[in-house]
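Coordinates in review
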Amino acid sequence: MNISEIETFLAIAELGGFTRAGQRLHRTQPAISRRLGLLEQALGAPLFERIKGSAQLTEAGRVFLPHAEAALAAIKDGREAVRELRTGLQGTISLALVGTLADTQIVAALRQFARRAKNVRLELRTASSGQVTGLVRRGEATLGLRYFASDAAELVSLAAGEERMLVVAEPGHRLAGRRLRDPQALAGERWIGFPPVRGERDSSGHVLARQLTRAGLDAEAIIMIDSLTAQKRLAQAGFGLALVPESSVRDELRRGDLVTLDVPALRTVIPISVIHRRSGYLSPAAMTLLALLTGAMPARKARVNRRE
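Residues numbered from 1 in each chain as written. Predicted model: local features only at pLDDT ≥ 70, side-chain atom pairs only at ≥ 80, totals over all residues. Heavy atoms only, no water.

What follows covers the overall build of the protein. Helix and strand content of the protein: 10 helices and 12 strands. Projected onto its principal axes, the C-alpha coordinates of the protein cover approximately 65 × 50 × 35 Å. Buried residues in the protein amount to 45% of all 308 residues. Long-range contacts, defined here as pairs at least 24 residues apart, represent 75% of the contacts in the protein between residues at least 6 apart. With the model as given, the accessible surface of the protein reaches about 15400 Å², and the carbon-plus-sulfur share is 51%. Taken as two groups, the 44 positive and 31 negative side-chain charges of the protein have centres that lie 4 Å from each other. (Helix = DSSP H or I, 4+ residues; strand = E, 2+ residues; numbered from the N terminus. Buried < 20%, exposed > 50% of the residue type's maximum accessible area, 1.4 Å probe, protein only. Contact = heavy atoms within 4.5 Å. Areas by Shrake-Rupley, 256 points an atom, 1.4 Å probe, with all protein chains shown as cover. Lys, Arg positive; Asp, Glu negative; His and termini not counted. Charge placed at Lys NZ, Arg CZ, Asp CG, Glu CD.)

To continue, consider the pairing of strand β3 (residues 91-97). Of all 7 residues in β3, 5 are buried, a share of seventy percent or more. Of the pairings in the sheet, the one linking β3 to strand β4 (residues 120-126) comprises 7 bridges and is parallel in character. Paired with Leu 97 across the strands is Thr 126, a residue of β4. Following the chain from β3 across helix α5 (residues 106-116) to the adjacent parallel β4, one finds a crossover that is right-handed. Looking at chain direction, β3 and strand β5 (residues 143-147) are connected through 3 bridges and run parallel. Of the residues in β5, the one forming a bridge with Ala 96 is Gly 144. (Pairing = 2+ DSSP bridges. Right-handed = clockwise from strand over helix to strand, strands pointing away.)

Where α5 contacts helix α10 (residues 284-295), the axes come no closer than 9 Å and their chain directions differ by 145°. For α5 against α10, the interelement crossing comes out right-handed. On the side of α5, the interface is formed by Ile 106, Ala 109, Leu 110, Gln 112, Phe 113 and Arg 116, while α10 contributes Ala 285, Thr 288, Leu 289, Leu 292 and Leu 293. Here the contact of α5 with α10 is built from residues that sort into 8 nonpolar, 2 polar and 1 charged. (Axes fitted to C-alpha atoms, helices over the stretch in contact; angles between N-to-C directions. Left-handed = near helix turned anticlockwise from the far one by under 90°. Nonpolar A, V, L, I, M, F, W, Y, C, P; charged D, E, K, R; others polar.)

Counted at 1.5 Å a residue, the expected span for helix α3 (residues 29-43) with its 15 residues is 21 Å, and the 21 Å between its end C-alpha atoms agrees. Residues of α3 that are buried: Ala 31, Ile 32, Leu 36, Leu 39 and Glu 40. Just past α3, the residue Gly 44 takes up positive phi, approximately 80°. (Expected span 1.5 Å × (residues − 1).)

Right under this line is the structure:
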């Protein structure tokens, strides 16, 4: 069992096929199959089922997956630790973040880091909260910024701020411009939201359902849409109301494509968390960035999500 075989396994698992894995790793499909075969021979069990041109993890593959991720991430950590020993506050840090967070107070922390660590190259990747968690777990990102803390036991979640949620509607909505002290004024309205994320205690889908219940609107219909862009477009078209992060709709509100509804009973904020692997290596540069990101949180101390 070697690094190349583990990389091959993880690429197939992530991309769902041998051809796509070969394209990512710049190897032919026979080379991919050969490496996987050697790994399966070493483990004594098949790791994938070939189904209609795709590769699905077997039970053995699902059991092996987190160990393979941890092994590859540990090797990357070792390389980084040796490099940092030679160079100090230099090198590269990969930060995965939800795209809308690039329009929050987090930007000030990133600017400060760029001034303080001029010899460090900061690589940014945008993804959904769930994808950010996956990138950090696999060691493809040193740090991650996402909404809510991660429930993954192998990750540490630190509070890095919070963001206000807004109720948005189509331009000219009948209740725009009014403060709705009685949330029952929204009775009969359709809502657009994310589906709750399996395996996580909190997500945007959980927030919407929870706030509607608290406001006595739990009987209202929620249309599950797994895309923030699609939610905004549907709300703009009058298909329903949406509860979205403020930073995600600033442009639409400025242009007048959407309007906000002031509903005190639905006011809430969602936490922003920075995550890293519990057993992973954090270079001096990564520790500096981590301190700046958690220090970006206004008016309260960072909280650690400990699952030990």
